[in-house]
Amino acid sequence: MPPSSSPARYFLVFLGMFGSMLMSSGLPAISATEIGAKVGIRRTLMDNGLGLTPQMGWNSWNHFHCDINETLIKETADAVVSTGLAAVGYTYINLDDCWGELNRDSLGNLVPKGSTFPSGMKALADYVHSKGLKLGIYSDAGTQTCSQTMPGSLGHEEQDAKTFASWGVDYLKYDNCENTGASPKERYPKMSKALMESGRPIFFSLCEWGQEDPATWAPSIANSWRTTGDIEDNWDSMTGIADQNDQWASYAQPGAWNDPDMLEVGNGGMTTEEYRCHFSIWALAKAPLLIGCDVTSIDNVTFQLLSNTEVIDVNQDKLGVQGKKVKKDGDLEVWAGPLTNNRVAVVLWNRGSSSANITASWSDVGFKPSTAVDARDLWAHSWARADEDEISAQVDSHACKMYTLEPHKNSSAFNKNW
Ligand code: GAL
């Protein structure tokens, strides 16, 4: 295959096309310089081969906080399988804070809390693995974790990484409390190296809350990095976090993702339509899809939201380009991003207080004028009508529509000014 037609070249050309077309929207788009930077970052990605698409799974924090134990984790793993969530891609079962004793043992090792994890972490990992799932654990790049109920890993990186590997842990979320004031840029690479040398592939989820713009330095040391403070289970928090995360879109790539925090879907603080927006935007933005509700008692509405494979497919699309806000008219927004096979994913998002018509024109999403497309409504699971140069819909207050647009095979969909 000649160099000019290699898959990598097509990938970059596609990025360039999409970027130059979005620039006309007046909102930040993928620039040629950023594409160049991407190539540079791509060469120095954390080299563990993990996270080629955003991680999917469950985490204990948003619903259970410190109230966790091994029975809950095992029942959660059981439920992830029995409900069918595992079958649609949810794989990691992640412990958050509060799984350990306050003090290390006489050899300096972390110790699972005897009262809540009496069988130990190796047994728990074995159980989770027996279900075809993976186990995640939590520590902190400081002297104590945020709950202050267990030690952090600062100064113990190699020992703790080896401990996690010996237990069969597959994922580490690494928090930022009690951090002695040293820069995360000094503290996090130590754990990254320790994980790489632990003898086991361990996904590295960096959690310094976006304090030192981790998108600009974390791709080389982590598989994902938090871009914001903690999400709360309400509309204002969710929408604010979506916007904060959006500014870093151009840094996301296979193996390295922006993390706007875990899902609140199913925790009760938002309406079904608000949760639908939350899930749609997280999927489009290539965010980790980490369920944060109690899946052992999941209701059908929540299950339908979290298990929509057409929306999950957008998140897990191999192109790995983060969709972004491409148009804003007051509270009416269009978010879009490119997918494999020349397709584009689009969310029409009404953040206002009354129902309104929202239009995404082809110039907003990167198509040439008069491009004929097949429009798939990912929530109605049906084909939708798209006009010659746009798709539009009436969207209720605090609701959204989500589509993929696929140009007809015989149309030259994109402006080829590259
Ligand atoms: C926060 C973190 C949360 C959760 C919590 C545990 O710093 O952002 O996601 O892990 O600590 O204490």
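Check the entry above for the structure.
Here goes a summary of the coordinates provided. (Residues numbered from 1 in each chain as written. Predicted model: local features only at pLDDT ≥ 70, side-chain atom pairs only at ≥ 80, totals over all residues. Heavy atoms only, no water.)

### Brief notes about unusual backbone geometry
Then comes step 1: Phi is positive for Lys286, close to 55°, though the residue is something other than glycine.
Then comes step 2: Structurally, Lys286 can be placed in the loop between helix H9 (272–284) and strand S8 (289–291).
Then comes step 3: With phi around 50°, His398 is a residue other than glycine that occupies positive phi space. (Helix = DSSP H or I, 4+ residues; strand = E, 2+ residues; numbered from the N terminus.)

### Some details on the state of the cysteines
Then comes step 1: One pass over the full model with this rule turns up two disulfides.
Then comes step 2: Across a sulfur-sulfur distance of 1.8 Å, Cys66 and Cys98 are joined as a disulfide pair. Placement of Cys66 in the loop between helix H3 (61–64) and helix H4 (70–82) and of Cys98 in the loop between strand S2 (92–94) and helix H5 (120–130) is noted, with a sequence separation of 32 residues between them.
Then comes step 3: Since its relative accessible area comes to 35%, Cys66 is described here as partly exposed.
Then comes step 4: With a relative accessible area of 2%, Cys98 lands in the buried category.
Then comes step 5: One disulfide in the model links Cys146 with Cys177; its S-S distance is 2.1 Å. Judged by the sign of its S-S torsion, about 100°, the bond between Cys146 and Cys177 is right-handed. In this pair, Cys146 sits in the loop between strand S3 (134–140) and helix H6 (157–167) while Cys177 sits in the loop between strand S4 (171–175) and helix H7 (184–196), placing the two residues 31 residues apart along the sequence. (Disulfide = S-S within 2.5 Å. Buried < 20%, exposed > 50% of the residue type's maximum accessible area, 1.4 Å probe, protein only.)

### Let's talk about the pattern of salt bridges
Opposite charge on two side chains permits them to pair, given that their charged atoms come into close proximity.
Then comes step 1: Inspection of every chain in the model, using the stated rule, returns 18 salt bridges.
Then comes step 2: We note a salt bridge from Arg351 to Glu333, for which the minimum N-O separation is 2.9 Å. Taken as a pair, Arg351 in the loop between strand S11 (344–350) and strand S12 (356–361) and Glu333 in strand S10 (residues 332–338) lie far apart in primary sequence, 18 residues in all. The same class applies to Arg351 as to Glu333, namely buried.
Then comes step 3: What you see here is one network of salt bridges that share partners, running through Asp243, Lys325, Lys328, Glu333 and Arg351. (Salt bridge = Lys/Arg side-chain N within 4 Å of Asp/Glu carboxyl O.)

### With respect to the sheet that holds S2
Then comes step 1: Taken in spatial order, the eight strands line up as S7-S6-S5-S4-S3-S2-S1-S8 in an open sheet, and their pairing is parallel. At either margin of the open sheet sits one strand with a lone partner, and together these are strand S7 (257–259) and S8. Each neighbouring strand pair of the sheet contributes to a mean axis angle of 25°, computed without reference to strand direction.
Then comes step 2: Pairing of S4 with strand S5 (residues 203–206) involves four bridges; the strand directions are parallel. (Pairing = 2+ DSSP bridges. Axes fitted to C-alpha atoms, helices over the stretch in contact; angles between N-to-C directions.)

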